[in-house]
Amino acid sequence: MKRILLTLLLFPWPVLGQSTLGVEPPVSLREAVPGQNLTLDLKVHNVGVRPVRVRVSLGDWTYDPLGNIQFLPPGTLKESASRFAAFSPGELSLAAKTSGTLTYTLTLPKELAPGSYWGVLFLEGEDPNPPPGVPLAVFKVRMAHVFYVNIPPIRQGGRILGLLPTPPKAPEDPYRFAIQYQNTGNAAQKLSGRFEVRDQGGRTVAQVEVEEVVVLPGAVRVLPVTLVGPLPPGSYTALAVLNYGDPAKDVAADLPFTLKTPLAAPKAPEGQGGAP
């Protein structure tokens, strides 16, 4: 699980105005036992050319099967780690090109069940002295620090629920697939893998890398795959192979499908056609 550190999940927000925030580290993954206290110092950087006032708050987050993030009040989720958190100070004032320190502590209950718990620490900055006549919102910027706590014993597991095909509607369209995956363990996972197409002789004729995503315990994620040609008509087998962090174990599923018309190659960008 420690391989998830710094790659699990970051929340990007557009940077607005001339004040730009950074937080280090952006993600924290800790292992602890019930009743333990965990303390972490964060470095908050103002890399902009104007001063910034940083307000700090806590929250929960989750996502729908398509990966759309949903933010919730702290303590909403039963796996919320924000309900155990306290931070100091509640506000930072940073001059241009300076940094400050924010400390937060997780006080874990003694009866905490095994598994992953997670939360987010929001850092919202604004220019304390915006130029006259300019709305304050123009100078706001928002960043986040995501934190996870794993309580052993950690149980890993996962399964592919299905492969859903969407054939192309036009000759230039790709063939789209959706991989439905469920995390059956009790900890957050970093999921990666590949999607292959094999012909009737078992030869791999196309391969697409599956983008790495986070899958929370018990959750289902839908992983989109876009297959492009050139690929002639025929009978094929789609194969999805995913890994949730165990180097010795993959999960897989296959689906036979028929390509009735040739699958076109992607169009070359304008101005980059082939030689005359």
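You'll find the structure just up there.
Residues numbered from 1 in each chain as written. Predicted model: local features only at pLDDT ≥ 70, side-chain atom pairs only at ≥ 80, totals over all residues. Heavy atoms only, no water.

Novice: Teacher, can you tell me more about the sheet that holds strand E8 (residues 98-107) here?
Specialist: What links the strands of a sheet is backbone hydrogen bonding, and the strands pair in either a parallel or an antiparallel sense. Read from one edge to the other, the open sheet built from four strands follows the order E1-E3-E8-E6, with strand pairing classed as antiparallel. Either end of the sheet is taken by a strand with one partner, and the two such strands are strand E1 (21-24) and strand E6 (85-88). Averaged over all neighbouring strand pairs, the angle between strand axes comes to 25°, with direction disregarded. Note: strand E3 (residues 37-46) against E8, ten bridges, orientation antiparallel. Looking across to E8, one finds that Val44 is bridged to Gly100. (Pairing = 2+ DSSP bridges. Helix = DSSP H or I, 4+ residues; strand = E, 2+ residues; numbered from the N terminus. Axes fitted to C-alpha atoms, helices over the stretch in contact; angles between N-to-C directions.)

Novice: I would appreciate a short explanation of the pairing of strand E9 (residues 115-126) in the present structure.
Specialist: Every other side chain in a regular strand lies on the same face of the sheet, so the side chains alternate between the two faces. Across the twelve residues of E9, eleven count as buried, placing the element largely inside the fold. For strand E4 (residues 52-63) and E9, the ladder comprises seven bridges, and the chain directions are antiparallel. For Val56, the partnering residue across the bridge sits in E9 and is Leu123. (Buried < 20%, exposed > 50% of the residue type's maximum accessible area, 1.4 Å probe, protein only.)

Novice: Got a minute to help me understand the packing of aromatic side chains in this structure?
Specialist: Inspection of every chain in the model, using the stated rule, returns ten aromatic pairs. With centroids separated by 6.2 Å and ring planes inclined at 50°, the aromatic side chains of Trp61 and Trp118 adopt a geometry described as tilted. Taken together, the positions of Trp61 in strand E4 and Trp118 in strand E9 put the pair 57 residues apart, joining distant regions of the chain. Consider the rings of Tyr104 and Phe147, whose centres lie 5.3 Å apart with planes at 40°: the pair is tilted. Residue Tyr104 is located in strand E8, and its partner Phe147 is located in strand E10 (residues 141-151); the two are separated by 43 residues in the primary sequence. A residue is classified by how much of its surface remains accessible, and Tyr104, at 4% relative accessible area, is buried. Joined through ring pairs, the aromatic side chains of Tyr175, Phe177, Phe195, Tyr236 and Phe257 make up one cluster. (Phe/Tyr/Trp six-rings, centres within 6.5 Å; stacked < 30°, edge-to-face > 60°.)

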